[in-house]
Amino acid sequence: MRRWLVAAVLACCGSAANGQAWVQAPAPGTAFTRHVDPFIGTDGTGHVTPGATVPFGMVFPAPDNADRGWSYSAGYQFRNPRILGFSNTHHSGAGIPELGDVLLQPRSGWRWTAATRDFGAVKSDEHARPGHYGVRLAAHGVRVELTAAPKVALQRYRFDRPGRVQVLVDLQHGLHFVDGPAALAAEVTARDDGLQGTVWRRNWVERQLSFVVQFSHPVLRRQTLPARAGEKAPRLLLDFDLGRGRVLEARIALSTVDEAGARGNLATAAGRGFDDVRAAADAEWNALLGRIRIGGDARTMRLFYSALYRALQHPSDIADADGRVRGPRGEVMQAPGGVYYSTLSLWDTFRASHPLFTLVVPERVPGFVNTMLAHHRQMGWLPLWTSWGRETYTMIGNPALPVIADALRKGFGAEGAIDEHAALAAMVETGTRERPDAPAWAQRDWSVLDRHGYLPFDLQPGESVSKTAEWGLGDAAVAAVAGRLGEAGLAERFRARSRSWLNLFDDETGTLRGKDSQGRWRTPFDPVRATSPMRNPGDYTEANAWQYTATPALHDVEGFLARLGGPKALEDWLDRFFRLPVPSPDKLLGQEAMIGQYAHGNEPSHHITWLYAWTDAPHKGQRLRERIVRRFYGTGPDGLAGNDDVGQMSAWLVFAMLGLYPAQPFSGEYALGSPMVDAELHLGPDRVVSIAGRGWRAQWNGVAVDGPTISHATLVQGGTLRLR
């Protein structure tokens, strides 16, 4: 067994839970960013980009090796030696390619012409840290650096020779999920110092982006390259003469609304040099990472702070500086409180990422929820997975519901920061309103569930068991908020529907099993056979029967425990779960990073080791978590065994190392494990949580904790959590 033996150190940063941020500078010489390696997860299926961003920033300039394919969901693979250029928006850790807007590529001299076909170059001397990325393109005679402000991407080019240089501006480029060019149309206007315009695109979502590109030297000449088949947006060559200079800088700002919005965003970084912006990005990351302080050897520090860094990159605030934003139906609205978050991968992040935000960045939590409510006002239901503010209809269930319930349960609606009654109304409507304009493959209505008490596989084409379980999770979240607000009848209505999973529990196999509209079990049935709608369709979503059977424990661990037969039966079920192998696991079916039936590479399994806390053998879950950390997390480019899912894999690691986990995400409780580090969480001025010790008996401020959990309300008061 491996231990992380560390000493606690002092902390300095935090924020108030009512949304009013406070900032206290780290002690001189404290540099948490030096422990972060942005290349972790960039090789393989982690789908991480090493580009430069600030926490929750609108822009994310980064290198792109390719423009399509699942492996290039973030545009980058560490082992690919060629760089096509540097685009300015990315999802880091997502599972579908999207964004990659306004690609720039520099080179020394005026060698590129209209006949040039290949603008890529082999990379060398590549490095990155939070808020900064750098690489040398020897064949192009240039070193490229990237940094970012919240709404402006900055690119700096240092050429080997002074004088003439060129920059490719590729507006056709994007990260493609669909085949063929994704740009539908474009309007571009030349400026003395660059260009601006608007591009309309269709890929994962249909969206509009306006942009401004501003260079530090005037453009001497520009030419539009010949369009390739199907292209609707231009690629332009810009020529510059730097005289005796060797440095050219580019600033890129974007807007979901219009070019005026992009210009306003550009103005937010006016008067600030590249190095100033880079230093500010580092300082912002340093302050945020410093809200959790651990100590330890170099590997431990790198593992932990790199995970915390990845967990805090998204969601992305895409509101313009004037507060305007284009919502899910393409209509312009005013962002609530001036912020509007996208890159909401909610099916993934409701489990650990959003609960982590309530501890580490509580000042942002009302903004997350108010964004979802604004989405509802335009769309008619709460978001599923949004990109650039538009709904992708990706994944199942209604995962905004547990996120909102978690925030309200923890008191983030206090003093009107969130309109709790409006939130409940939006949740009810999301759980009842028909969606006739949703895609054919997405959820459209509730009639089948209401009629049968579950989703029969002969009436629900695909994922019937997974959807029954996940719709029940959303129903339980509605019931929790309704109960909180005194709506007893409404609470009972949704609580009853949240128990639909019981109609699919098969005593013979101990799993959730498909059933038809006549009440007959699916036959033949193999509970270890995984299914997914895009590959091997069946009753489960990127998982098998074993993996989805524990889903009800996310909202009703006591009911799950009772249905199995009590703590010993739960322990036996878990023991079998972690021993029973999956033959020929397929990562495209969510079967990645396996321990028995447990698939750490996909989210439905993430809470399952923590269920041992409700048995008489909590140590078994802890040994498994230590094994998961050893096997599936590393400090090299291949250090993520599975898609990071916009920070969920990383948030899991942060919680696991702290010895806490939101096993029931909107319960207001954290399951207790044994910490792998000693730590201090700084939750606000004079509110510090110290975590120390190894063992299974928890004490809070010297008093034994009764039960397997500790409440959020207790933690945020500050105190000492010691495990013995």
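Here we summarise the structure given alongside this text. (Residues numbered from 1 in each chain as written. Predicted model: local features only at pLDDT ≥ 70, side-chain atom pairs only at ≥ 80, totals over all residues. Heavy atoms only, no water.)

## Considering the overall build of the chain
Thinking step 1. Each helix and strand in the chain was counted, giving 17 helices and 35 strands.
Thinking step 2. Here the chain has a C-alpha radius of gyration of 25 Å; the compact-globule value for 724 residues is 27 Å, and the two agree.
Thinking step 3. Based on the C-alpha atoms only, the size of the chain along its principal axes is roughly 80 × 55 × 50 Å.
Thinking step 4. Intrachain contacts of the chain at a sequence separation of at least 6 include 68% that bridge at least 24 residues.
Thinking step 5. A total accessible area of about 24,200 Å² is found for the chain, and carbon and sulfur atoms account for 49% of it.
Thinking step 6. Taking the average place of the 79 positive charges on the side chains of the chain and the average place of its 75 negative ones, the gap between the two points comes to 5 Å. (Helix = DSSP H or I, 4+ residues; strand = E, 2+ residues; numbered from the N terminus. Rg over C-alpha atoms; globule rule 2.2 N^0.38 Å. Contact = heavy atoms within 4.5 Å. Areas by Shrake-Rupley, 256 points an atom, 1.4 Å probe, with all protein chains shown as cover. Lys, Arg positive; Asp, Glu negative; His and termini not counted. Charge placed at Lys NZ, Arg CZ, Asp CG, Glu CD.)

## Notes on the sheet that holds strand E28 (residues 660-661)
Thinking step 1. Spatially, E28-E29-E34 is the arrangement adopted by the three strands of the open sheet, whose pairing is antiparallel. The open sheet has two edge strands with one neighbour each: E28 and strand E34 (709-711).
Thinking step 2. Bridging between E28 and strand E29 (residues 669-672) involves two bridges; their strand directions are antiparallel. Within the sheet, the bridge partner assigned to leucine 660 lies in E29 and is leucine 672. (Pairing = 2+ DSSP bridges.)

## A few points about the layout of surface pockets
Thinking step 1. Roughly 320 Å³ of volume is contained in the second largest pocket.
Thinking step 2. Along the walls of the second largest pocket sit 20 residues, with Asp67, Asp170, His173, Arg228 and Arg235 positioned nearest its centre. (1 Å grid on protein atoms, 1.4 Å probe; cavity = no way out; pocket = protein on both sides within 12 Å on 5 of 7 lines; lining within 4 Å. Points joined across faces, edges and corners; volume = space filled by probe spheres on them.)

## Details of the packing of helix H10 (residues 464-484) against helix H11 (residues 488-497)
Thinking step 1. Between H10 and H11, the shortest axis-to-axis distance is 8 Å and the interhelical angle comes to 160°. Classified by the angle their axes make, H10 and H11 are roughly antiparallel. For the pair H10 and H11, the sense of crossing is left-handed. Residue-level contacts link Asp475, Val478, Ala479, Ala482 and Gly483 of H10 to Leu490, Ala491, Phe494, Arg495 and Arg497 of H11. (Axes fitted to C-alpha atoms, helices over the stretch in contact; angles between N-to-C directions. Parallel < 35°, antiparallel > 145°, perpendicular 65-115°, else oblique. Left-handed = near helix turned anticlockwise from the far one by under 90°.)

## What to know about unusual backbone geometry
Thinking step 1. A cis amide bond links histidine 314 with the next residue in sequence, proline 315, at an omega value of 5°.
Thinking step 2. The topology assignment puts proline 315 in the loop between helix H3 (298-311) and strand E17 (316-317).
Thinking step 3. The omega torsion across threonine 523 and proline 524 is -5°, close enough to zero to call that bond cis.
Thinking step 4. Here proline 524 lies in the loop between strand E25 (511-512) and helix H12 (545-549).
Thinking step 5. Within the chain, leucine 99 stands out as a residue other than glycine whose phi angle is a positive 70°.
Thinking step 6. Phi is positive for methionine 395, close to 75°, though the residue is something other than glycine.
Thinking step 7. Structurally, methionine 395 can be placed in the loop between strand E23 (390-391) and helix H7 (400-409).
Thinking step 8. Looking at methionine 395, the relative accessible area reads 23%, which means it is partly exposed. (Buried < 20%, exposed > 50% of the residue type's maximum accessible area, 1.4 Å probe, protein only.)

## Comments concerning the pattern of salt bridges
Thinking step 1. Evaluation of the coordinates by the stated rule reveals 42 salt bridges.
Thinking step 2. Of the charged contacts in the structure, one is a salt bridge between aspartate 193 and arginine 191, with a shortest N-O distance of 3.1 Å.
Thinking step 3. Glutamate 429 is paired through a salt bridge with arginine 433; the nearest N and O atoms lie 3.0 Å apart.
Thinking step 4. Among the residues examined, glutamate 429 registers a relative accessible area of 27% and is labelled partly exposed.
Thinking step 5. Via salt bridges that share partners, Glu145, Arg156, Arg158, Asp275 and Arg278 belong to a single interconnected network. (Salt bridge = Lys/Arg side-chain N within 4 Å of Asp/Glu carboxyl O.)

## Section: the pairing of strand E10 (residues 183-191)
Regular strands place side chains that alternate from one sheet face to the opposite one.
Thinking step 1. In the sheet, E10 pairs with strand E11 (residues 194-202) via eight bridges, with the strands oriented antiparallel. Within E11, the position partnered with alanine 190 by the bridge is leucine 195.
Thinking step 2. Hairpin connection between E10 and E11: a loop of two residues separates the two successive antiparallel strands.

## Section: the side chain of glutamate 231
Thinking step 1. Structurally, glutamate 231 is set in the loop between strand E13 (221-224) and strand E14 (235-241).
Thinking step 2. Given a relative accessible area of 14%, glutamate 231 falls into the buried group.
Thinking step 3. Here the side chain of glutamate 231 touches arginine 228 through a polar contact of 2.6 Å, side chain to side chain.
Thinking step 4. Setting aside chain neighbours within four positions, we find glutamate 231 in contact with Gln172 and Pro181. (Polar contact = N/O pair within 3.5 Å; in protein donor to acceptor, adjacent residues only side chain to side chain.)

## Overview of the packing of aromatic side chains
Thinking step 1. Inspection of the entire model under this criterion finds 26 aromatic pairs.
Thinking step 2. Measuring from ring centre to ring centre gives 4.9 Å for tryptophan 112 and phenylalanine 119, while their planes differ by 75°; the resulting arrangement is edge-to-face. Accessibility classification places tryptophan 112 together with phenylalanine 119 in one group, the buried group.
Thinking step 3. Where tryptophan 573 meets phenylalanine 577, the ring centres are 5.4 Å apart and the plane angle is 15°; that geometry is what we call stacked. One end of the pair is tryptophan 573 and the other is phenylalanine 577, both in helix H14 (residues 567-579) and four residues apart, which spans about a single turn.
Thinking step 4. Given the relative accessible area of 7%, tryptophan 573 is considered buried.
Thinking step 5. Judged by relative accessible area, which is 0%, phenylalanine 577 ranks as buried.
Thinking step 6. What links up through ring pairs into an aromatic cluster is the set Trp501, Trp546, Phe560, Trp573, Phe577, Phe578, Tyr598 and Tyr612.
Thinking step 7. The ring of phenylalanine 78 carries lysine 123 above its face, with NZ or CZ at 5.1 Å from the centroid. (Phe/Tyr/Trp six-rings, centres within 6.5 Å; stacked < 30°, edge-to-face > 60°. Lys NZ or Arg CZ within 6 Å of the ring centre and 35° of its normal.)

## A look at the environment of glycine 684
Thinking step 1. Of note, glycine 684 is situated in strand E30 (residues 679-684).
Thinking step 2. Counting along the chain gives 435 residues from glycine 684 to glutamate 249, while the straight-line C-alpha distance between them is 39 Å.

## Brief notes about helix H15 (residues 618-632)
Thinking step 1. An ideal rise of 1.5 Å per residue puts 21 Å on 15 residues; H15 measures up with 21 Å between its terminal C-alpha atoms.
Thinking step 2. Among the residues making up H15, those that are buried are Gly621, Gln622, Leu624, Arg625, Glu626, Ile628, Val629 and Phe632.
Thinking step 3. Where H15 is buried, its residues contact H3, H14, strand E26 (594-595), strand E27 (598-599) and helix H16 (648-658). (Expected span 1.5 Å × (residues − 1).)

## Observations regarding empty space enclosed by the protein
The gaps of empty space that remain are located by a probe, the size of a water molecule, rolled over the atoms.
Thinking step 1. Taken as a whole, this structure holds six cavities of 30 Å³ or more when the rule is applied.
Thinking step 2. Roughly 80 Å³ of internal volume is contained in the largest cavity.
Thinking step 3. In terms of lining, the largest cavity is formed by 14 residues, of which the most central are Met58, His90, Leu99, Ser316 and Thr343.

## Considerations on the sheet that holds strand E21 (residues 344-345)
Thinking step 1. As summarised here, the arrangement of the three strands in space is E21-E22-E23, forming an open sheet in which the pairing is antiparallel. Lying at the two open borders of the sheet, with one neighbouring strand each, are E21 and E23.

## Regarding the side chain of serine 517
Thinking step 1. Note on placement: serine 517 falls in the loop between E25 and H12.
Thinking step 2. Side-chain polar atoms of serine 517 contact the side chain of aspartate 458, separated by 2.7 Å.
Thinking step 3. When residues no more than four places from it in sequence are discounted, the contact partners of serine 517 are His452, Tyr454, Pro456, Asp458 and Leu459.

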